[in-house]
Amino acid sequence: MKIAIYPGSFDPISNGHLEIIEKASKLFDKLIITITINEHKHCLLTVDERKQLILEATKHLHNISVEINTGLTVDFALKNNANYIVKGIRNGYDLDNELTQVFFNDHLNTSIQTVFLLPTFKNIYISSSAIKELYHFGGDFKDYVPECVYNLLNNKKRSK
């Protein structure tokens, strides 16, 4: 069985993330979407909110699960019998950052392979950071996130 993990903060999950998830779900028998906790990042959404939004946005896929990871991605992969790490690449900057991670992950465990997937052009410039900025300044971000994310963020904004 080919098991992969797709790690990220998913704060919030975007249409770009969703596209990578859909592509990866076709390549692997099981895909574990892994919400990684980074204590140094200030997040817009709680971990529970992120998990629920991912589950809602991916309910049409039957070979995925969503888990939370507070440690090294390689260790999480090993604990879950995953031999693949999926990463979305949008540009050269992403590639440079991910190659550094591949180097260290390979140093920690050579049995885990990283698979890079590219989004289509319509999603290539979408980032969670840009979505958060649009959200904070009242910009329209509806075309960049699943409907469940848009609805939750709009409800949060109204309740402030």
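It should be noted that the structure appears before, not after, this text.
Residues numbered from 1 in each chain as written. Predicted model: local features only at pLDDT ≥ 70, side-chain atom pairs only at ≥ 80, totals over all residues. Heavy atoms only, no water.

**So, the pattern of salt bridges**
Test applied: The working definition used for a salt bridge is a side-chain nitrogen of Lys or Arg within 4 Å of a carboxyl oxygen of Asp or Glu. Secondary structure elements are defined from DSSP: runs of H or I of at least 4 residues count as helices, runs of E of at least 2 residues count as strands, and each element is numbered from the N terminus. Relative accessibility under 20% of the residue-type maximum defines a buried residue, over 50% an exposed one, and the middle range a partly exposed one, all with a 1.4 Å probe and only protein chains included.
The final tally for this structure, using the stated rule, is six salt bridges. For K132, the salt bridge is made with D11, and the minimal N-O distance between the two is 3.1 Å. Taken together, the residues span a long stretch of sequence, with K132 in helix α5 (residues 128-136) and D11 in the loop between β1 (3-8) and α1 (15-27) at a distance of 121 residues. For the pair formed by K132 and D11, the shared burial category is buried.

**Quick look at the packing of helix α2 (residues 47-57) against helix α6 (residues 147-159)**
This is how the line gets drawn: Between the N-to-C directions of two axes lies an angle of 0 to 180 degrees, each axis being a line fitted to C-alpha atoms and, for a helix, fitted only over the stretch in contact. Contact criterion: two residues are considered in contact whenever any of their non-hydrogen atoms come within 4.5 Å of each other. Residue polarity is assigned by list, with Asp, Glu, Lys and Arg as charged and Ala, Val, Leu, Ile, Met, Phe, Trp, Tyr, Cys and Pro as nonpolar; anything else, Gly included, falls into the polar class.
Packing of α2 against α6 leaves a shortest axis separation of 9 Å and a crossing angle of 145 degrees. Across the interface between the two elements, E49, L53, E56 and A57 from α2 touch C148, V149, L152 and K156 from α6. Split into classes, the residues belonging to the contact of α2 with α6 amount to five nonpolar, no polar and three charged.

**Concerning the packing of aromatic side chains**
To be explicit about the condition: Between rings of Phe, Tyr and Trp, where Trp is taken as its six-membered ring, a pair exists when centres lie within 6.5 Å; planes separated by under 30 degrees are stacked, by over 60 edge-to-face, and by other angles tilted.
Applying the stated rule across the entire model yields six aromatic pairs. When the centroid spacing of 5.1 Å and the interplanar angle of 80 degrees are considered together, the rings of F103 and F104 count as edge-to-face. Of the residues examined, F103 reaches a relative accessible area of 55% and is grouped as exposed. Judged by relative accessible area, F104 falls into the partly exposed class, the value being 45%. Each ring, one from F121 and one from Y125, has its centre 6.0 Å from the other, and the planes form 90 degrees; the classification is edge-to-face. Taking the relative accessible area as the measure of exposure, Y125 reaches 66% and is therefore exposed. Members of the aromatic cluster, joined through ring pairs, are Y135, F141 and Y150.

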